Amino acid sequence: MREATLDHLIAKQTDSTVPFSVGFEMTSRCNEDCSHCVRSRWMGNELTYDEIVDILEQLAAEGAMELTFTGGDPLVREDFLPIMRKSHELGFALFLFTNATLITREIAQELAKLRVQEVDISVYGVTPEIHDGITRLKGSLRRTMRGISYLDEAGIMVNVKMVLMKQNFHELPALKAMCQKNGWQFRYDYILFPRDDGSTDVWEQRISDDQIRITDRMLKDDEIQTAMVHSGLSDVAPSLPDLSVVDDPDMIPMDAWHEIEQSAALGGPMGLSESHCMLTPDNETDNELISAESIVSADEPVEETPKKKGVCSAGWNSVSITSWGEVLPCITWRMSLGNLRNESFKDIWHKSPLLERIRSLTHDDFDEACSSCGVISKCHKCPGLAYSEHRDPLLPSSDRCRATQAINILEGDNGPAEAAS
Ligand code: SF4
Ligand code: SF4
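All residue numbers refer to positions counted from 1 along the written sequence of the respective chain. Written order determines the labels here, with chains lettered from A and ligands numbered from 1. Given that this is a predicted model, residues contribute local features only at a pLDDT of at least 70 and side-chain atom pairs are listed and counted only at 80 or more, while totals for whole chains, interfaces and linings are drawn from all residues.

## Details of the overall build of the chain
The helix and strand tally for the chain stands at 15 helices and ten strands. Counting every position in the chain, which comprises 421 residues, the buried fraction comes to 40%. In this description, any two residues whose backbone-derived C-beta atoms lie within 7 Å of each other are considered to be in contact. For the chain, restricting intrachain contacts to residue pairs at least 6 apart in sequence, the fraction spanning at least 24 positions comes to 75%. Only DSSP runs of H or I reaching four residues or more are called helices, and only runs of E reaching two or more are called strands; each is numbered from the N terminus. To sort residues by burial, count the other C-beta atoms lying within 10 Å of each one's C-beta; a count of 20 or more means buried, 12 or fewer means exposed, and anything in between means partly exposed. C-beta atoms are built from the backbone.

Here you go:
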C-alpha cells in the first residue's frame, strides 16, 4: 500500500510561503499584571478599528486562514466584538488567547455564533493564593473560572494553559485533574521568556531541573501520581472554585482600570511574547501514517516528500502582528519586518530582506554549539526564544539548553548537551 506521511503534507504547506496562520495582538493592554510577563512597560500607539480591518482585508487577500487574537488581553478593547465579527465576516477561522476575566455569558454566546474554534486561557493554579498572587489581581481566579464556565456552556473548546513557576508547580496535578474532570484541554510550559527590556530577573521564578523532569514524565506517561508525590499534594480532583460571588468589590472595576492605564507611561520596545508553538525536534520524524488514498488518487504517483524548508514555520506560513502594526516572524520572535502603517502586508511578506534571510535559514545555520550538541535530536529549538535572549535567533537559548539537558538525563542518554549561554 502506498503511504504518505503527515510530514509530506506539512512540508508541502510550509513550502508555499502563504501566511496561513496569523497571530494578531489586538492590544498590549491587560487587566492583569503577571509576575512573569515579558512586558516591562505599557505600549501605546494602538491600531484603530479601521486600521485593523484594513490589515485583516490585506491578510485575507494573501491567503491567511487562521487568525489568533492575543494581547495583552483582547477583551480590554472596547471594540473587541466588532473586530471579532469583522474577522468572521472575512472568513477567518478564529482563535483567542485571553485570561477570560472579562468574558460574560453574552460575549461567550456571541463568540460561539462567530464559530470561534478554541479559546486558550491562562490559569496558574487552583487556589486564589497562587493564581491571584501571580496575576497580581485580586479575584482573578474566580473571574477566570467564571469566564471559562461561560465559554464551556456556550460549547466553545477551552484550552487551559499553565505556565509553571516555582510558586505554582505544586498545583500542577490539581489543575490538570480539574481540567480532565471538566473536559477542558490542558497544556503547560515551563519556559520563561526574558522581559522585553532584556532583563532576565523572571528566571528567578523558573522551576528546577527535577521539576522539569517530573513534567516531562507527565507529558509522556500521564504520571500524575508521580508528580503528586513530589509536590506533596493529596487532593488531585478539587471542585471548581466557588463562582457564586462574582462581583467582588475588591476587584478593580474596568473604569478604574482604564484610568490607571491612561496615566501609565506609553511607548518603548516591543512587548508581550508567548510561546505557542509545540515543534518536534529536528531529527524527530512524525511517524503518524495516513493512507495515500485519502490524499491522492490511486493513479497519481506518490511524490517524494519535499524537504522541509526553514527552521520553523515562522515567516513561512505563520506570521504575527503587534498592536501597533509591526510585522514579526512569530509572536515569540520579536524582530520587526516592517510596519503596516508604512508598508502594505503584501510588500513586507514578499519583499522584506529580513524575511528572505529567515526563509533561507536551515538547521545548518544554527550556531556551532547546536550543530555539535549531543542532544540536538531532542531539542525543541526556538529561534524566537534565542532572539529574546541574545538578539540572535541562531544562538542556543540557555533556557532551552537547560530544559533539554534535564530531560536528557531523565531519559538516561549518554552525555548531556554542552552548556550554552
Ligand atoms: S540543547 Fe542547546 S546547544 Fe543543544 S541543540 Fe538545543 S539549543 Fe542547541
Ligand atoms: S519562532 Fe519559536 S515559537 Fe515561533 S514558530 Fe518558530 S519555533 Fe515556534
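## Here's the deal with the sheet that holds strand β6 (residues 157-163)
Strands were regarded as paired on the criterion that DSSP finds at least two bridges between them. The sheet built from eight strands is open, its strands ordered β7-β6-β5-β4-β3-β2-β9-β10 with mixed pairing. With one partner strand each, in any of the chains shown, β7 (185-189) and β10 (327-328) form the two edges of the open sheet. With five bridges joining them, strand β5 (residues 118-122) and β6 adopt parallel strand pairing. Paired with V119 across the bridge in β6 is V158. To get an axis, a line is fitted to the C-alpha atoms, and for a helix only the part in contact is used. The angle between two axes follows their N-to-C directions and goes from 0 to 180 degrees. Across the sheet, helix α7 (residues 172-182) touches β6 and β7, and the angle it forms with β7 is around 155°.

## Description of the site of ligand 1
Note on definitions: a residue is near a molecule or strand provided its C-beta atom, placed from the backbone, lies within 6 Å of it. Inspection of the region around ligand 1 gives 14 residues, with C370, C373, C379, P396 and C401 positioned closest. At the level of elements, α13 (368-371) and α15 (398-410) are the ones that each hand at least two residues to the shell around ligand 1. Per-element accounting of the shell around ligand 1 gives the leading share, three residues, to α15.

## Observations regarding the packing of helix α5 (residues 128-135) against helix α6 (residues 140-153)
Viewed as axis vectors pointing N to C, α5 and α6 meet at an angle of 100°, and their least axial separation amounts to 8 Å. Of the possible angle classes, the one that applies to α5 and α6 is roughly perpendicular. Listed contacts from α6 to P128, H131, D132 and T135 of α5 are S140, L141 and R142. Small angles under 35 degrees read as roughly parallel and large ones over 145 as roughly antiparallel, with 65 to 115 read as roughly perpendicular and the rest as oblique.

## Overview of the packing of helix α2 (residues 49-61) against helix α3 (residues 80-89)
One can describe the packing of α2 onto α3 by two numbers: an axis separation of 11 Å at closest approach and a directional angle of 20°. Comparing the axis directions of α2 and α3 gives the class roughly parallel. In terms of crossing hand, the pair formed by α2 and α3 is right-handed. On α3, the residues touching Y49, I52, V53 and L56 of α2 are P82, I83, K86 and S87. Note on convention: the crossing is left-handed when the near helix lies turned anticlockwise from the far helix by less than a right angle, right-handed when the turn is clockwise.

## Considering the pairing of strand β9 (residues 318-321)
Burial along β9 is two-sided: S318 and S320 and V319 and I321, pointing in opposite directions, are all buried. The pairing of strand β2 (residues 21-25) with β9 spans four bridges and is classified as parallel. When the sheet's bridge partners are listed, S21 is paired in β9 with S318. Examined bridge by bridge, β9 and β10 share two bridges and lie antiparallel to one another. Looking at β10, one finds that S320 is bridged to L328. Counted between consecutive antiparallel strands, the loop separating β9 from β10 contains five residues, among which G325 sits at a positive phi close to 95°.

## Brief notes about the confidence of the model for the chain
Any residue range with low pLDDT should be treated as having predicted coordinates unsuitable for detailed reading. On a range of 0 to 100, pLDDT expresses the predictor's confidence in each residue. Per-chain confidence: the chain averages 78 in pLDDT, with 71% of residues scoring 70 or above. In this model, residues 278-307 is a region of pLDDT below 50 whose contacts with residues beyond four sequence positions or in other chains number 40 contacts.

## With respect to the nonpolar core
Ranked by size, the top nonpolar core spans 84 residues in total, and within it L151, M162 and L164 carry the most contacts. Per-element accounting of this core gives the leading share, five residues, to α6. Ignoring any residue separated from it by four or fewer positions in sequence, one finds L164 in contact with F169, L172, Y188, D189, Y190, I207 and T215. Counting five residues, the second-largest nonpolar core is a separate cluster that includes F366, C370, C373 and C379. To count as a nonpolar core, a set of buried Ala, Val, Leu, Ile, Met, Phe, Trp, Tyr and Cys residues must be joined through C-beta atoms within 7 Å.

## Re the environment of R29
Inspection of the secondary structure puts R29 in the loop between β2 and α2. Sequence separation between R29 and D73 is 44 residues, and the spatial gap between their C-alpha atoms is 6.3 Å.

## Section: the environment of S360
Within the secondary structure layout, S360 lies in helix α12 (residues 353-360). Sequence separation of S360 and V311 is 49 residues, and the distance between their C-alpha atoms is 9.0 Å.

## So, the pairing of strand β4 (residues 93-98)
Pairing geometry for strand β3 (residues 66-70) and β4, over four bridges, is parallel. Bridged to T68 within β4 is F95. Across four bridges, the pairing between β4 and β5 is parallel. Bridge pairing links F95 to E118 in β5. The parallel pair β4 and β5 is bridged by helix α4 (residues 105-113), and the resulting crossover is right-handed. For a crossover, the right-handed case is the one in which the path from the first strand over the helix to the second runs clockwise, viewed with the strands pointing away from the viewer.

## Digging into unusual backbone geometry
Here the bond from G71 into G72 is cis, since omega is 20°, no more than 30 degrees from zero. As for its placement among the helices and strands, G72 is situated in the loop between β3 and α3. Of note in this structure, A100 is not a glycine but carries a positive phi near 70°. With respect to the helices and strands, the residue A100 is situated in the loop between β4 and α4. Accessibility expressed as a C-beta count within 10 Å gives 28 for A100, which makes it buried. A positive phi angle is found at R391, which is not glycine, with a value near 60°. Secondary-structure assignment places R391 in the loop between α14 (383-390) and α15. Taking the C-beta count within 10 Å as the criterion, R391 has 11 such neighbours and is therefore assigned exposed.

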